[in-house]
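For reference, the chains in residue letters:
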Amino acid sequence: MSQIIHRSLRTTPAVAVSAQGAYITDIHGKRFLDACGGAAVSCLGHGHPEVLAAMHRQIDQLAYAHTSFFTSETVEQLAAQLTRTAPGDLNYAYFVSGGSEAVETALKLARQYFVEIGQPERTTFIARKQSYHGNTLGALAVGGNEWRRRQFAPLLMDVVRVSACNEYRDRRDDESQQQYTQRLLNELEEAILTTGPEKIIGFCAETVVGATTGATPPTPGYFQGVRRLCDKYGILYIADEVMCGMGRTGTLHAFEQDGVIPDIVTIAKGLGGGYQPIGAVLASEKIVAALQAGSGLFQHGHTYICHATAAAAALAVQQVIERDNLLAQVQQQGAYLQQALREVLGELLHVGDTRGRGLFAGVELVQDKASKTPFDPALKLHAAIKAQCMARGLMVYPMGGTLDGQYGDHILIAPPFIVTRPQLDFVVDTLHQVISEETR
Ligand code: PMP
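Because the structure is predicted, anything quoted here is derived from the model rather than measured.

## A short note on the sheet that holds strand E14 (residues 397–399)
Reading across the sheet, the 4 strands line up as E11-E12-E15-E14 and stay open at both edges, with antiparallel pairing between neighbours. At either margin of the open sheet sits one strand with a lone partner, and together these are strand E11 (351–357) and E14. Within the sheet, the average angular offset between the axes of one strand and its neighbour, ignoring direction, is 15 degrees. In the sheet, E11 pairs with strand E12 (residues 360–365) via 6 bridges, with the strands oriented antiparallel. By the bridge assignment for E12, Asp 353 is matched with Glu 364. Strands in contact with helix H13 (residues 381–391) are E12, E14 and strand E15 (410–413); relative to E14, the strand with the most contacts, it is inclined by about 160 degrees.

Shown next, in the form of structure tokens:
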């Protein structure tokens, strides 16, 4: 038995020993197609020679220097790369070690912004149901995944929660897409007014919801409406793109497809592509300017912020994506994957919905397509699907429905941007087989 506290304390996962391209090999020599990038992390695949070379160079030169003494050339270059490629005036970056830290940083940056401009009475965030923002206490507080929150709820700050945008589940039959979107925006405005706009710091949302409901994109116009409401009431719009960002959906940032620019953006996972733990917050000019003009100090920090080796890995990953025009590949392969999922899996009796953007795809399983009734969570269908896929050498990311019983088991698919069509065919065919067998 392993002496690591694994997620499951009763089983030990398989032992991985090497990885190359889209494949991971375990200790028995069995190969797995990594069609979920772990958890949408591995965007360039494994063992990319240029990323490894950049990391080696950095380690030889300067692995780490604490930010209270030094910055480094590499981390400055990474900031320049990310702010140059971000739209609008997202002109500043703050580097941390992962997604939860990025979310914590975003929440604290937003709070400090209002303190600096003389509005310390703003203490509340609005966030959405069916969302995941990380496992630290602040991130868990804004998160809306009840299963993850339940035992920690008494420790969490109060957050005003509104409905997520989930057209498959929540749009009524008698409603147009536009009416549904407007209903959500009315609910958000109502929540802002009931809370009191002068008490609110920001609205926090995943652009495309990842882990909780499985690559659920917003309806057209939803985030434009969110942006308008945030502007109308003077509150900050924080986009959590830890999972859906950094090219995964076919544009560098998913919100670009919604025609909006948030005030603060969190990124991680695909930023470093799994080569090093790294996350970041991108912040707009007005926020940083307020801190500069005010106390001149961001009251936050971690030991490993701006880690030079992590920055070298991320810089190399982002340079390769840009140079090789991999976003175009995400768009093309993504369209192919989404169509194959629709056509091949859509015909199955128990596939309620297939959806997503780019190489970020979700499949939702239901007992019955018409009623959309989820399978009994006690069946743990997602776990069986994961085991059967692994037995066939395929890694996808199946998750159970959330506690409220409204949402079904789903499967998240997020292959590396270098994935080939035969590999995508293998993903779809294997899922077809496994879902058919497990839902018989
Ligand atoms: N935000 C989102 C949208 C995520 O999907 C995740 C991780 N799945 C996080 C935050 C937390 O990131 P991490 O696990 O790196 O702390």
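## Re the nonpolar core
In this structure, Ile 264, Ala 280, Leu 282, Ala 311, Ala 313, Val 317 and Val 396 are the most contacted members of the largest nonpolar core, which totals 130 residues. Here this core takes 11 residues from helix H11 (residues 308–323), the largest share from any one element. Split by domain, this core shows at least three residues from each of two domains, domain 1 (16–47 + 325–438) and domain 2 (52–323). Look past the residues within four positions of Ala 280 in its chain and what remains in contact with it is Leu 82, Ala 93, Tyr 94, Phe 95, Val 96, Ala 102, Ile 267 and Leu 271.

## What about the domain arrangement of the chain?
By domain assignment, the chain separates into domain 1 (16–47 + 325–438) and domain 2 (52–323). When each unit is reduced to the centre of its C-alpha atoms, the spacing between domain 1 and domain 2 is 25 Å. Across the contact, 36 residues belong to domain 1 and 35 residues belong to domain 2. Counting only elements with at least two residues in the side of domain 1 that touches domain 2, the list comes to helix H1 (37–40), helix H12 (326–345), E11, E12 and E15. Considered class by class, the residues forming the side of domain 1 that touches domain 2 number 19 nonpolar, 11 polar and 6 charged.

Calculation rules
- Residues numbered from 1 in each chain as written.
- Predicted model: local features only at pLDDT ≥ 70, side-chain atom pairs only at ≥ 80, totals over all residues.
- Pairing = 2+ DSSP bridges.
- Helix = DSSP H or I, 4+ residues; strand = E, 2+ residues; numbered from the N terminus.
- Axes fitted to C-alpha atoms, helices over the stretch in contact; angles between N-to-C directions.
- Contact = placed C-beta atoms within 7 Å.
- Core = buried A, V, L, I, M, F, W, Y, C linked by C-beta atoms within 7 Å.
- Buried ≥ 20, exposed ≤ 12 C-beta atoms within 10 Å, placed from the backbone.
- Domains from an automatic or database assignment.
- Nonpolar A, V, L, I, M, F, W, Y, C, P; charged D, E, K, R; others polar.

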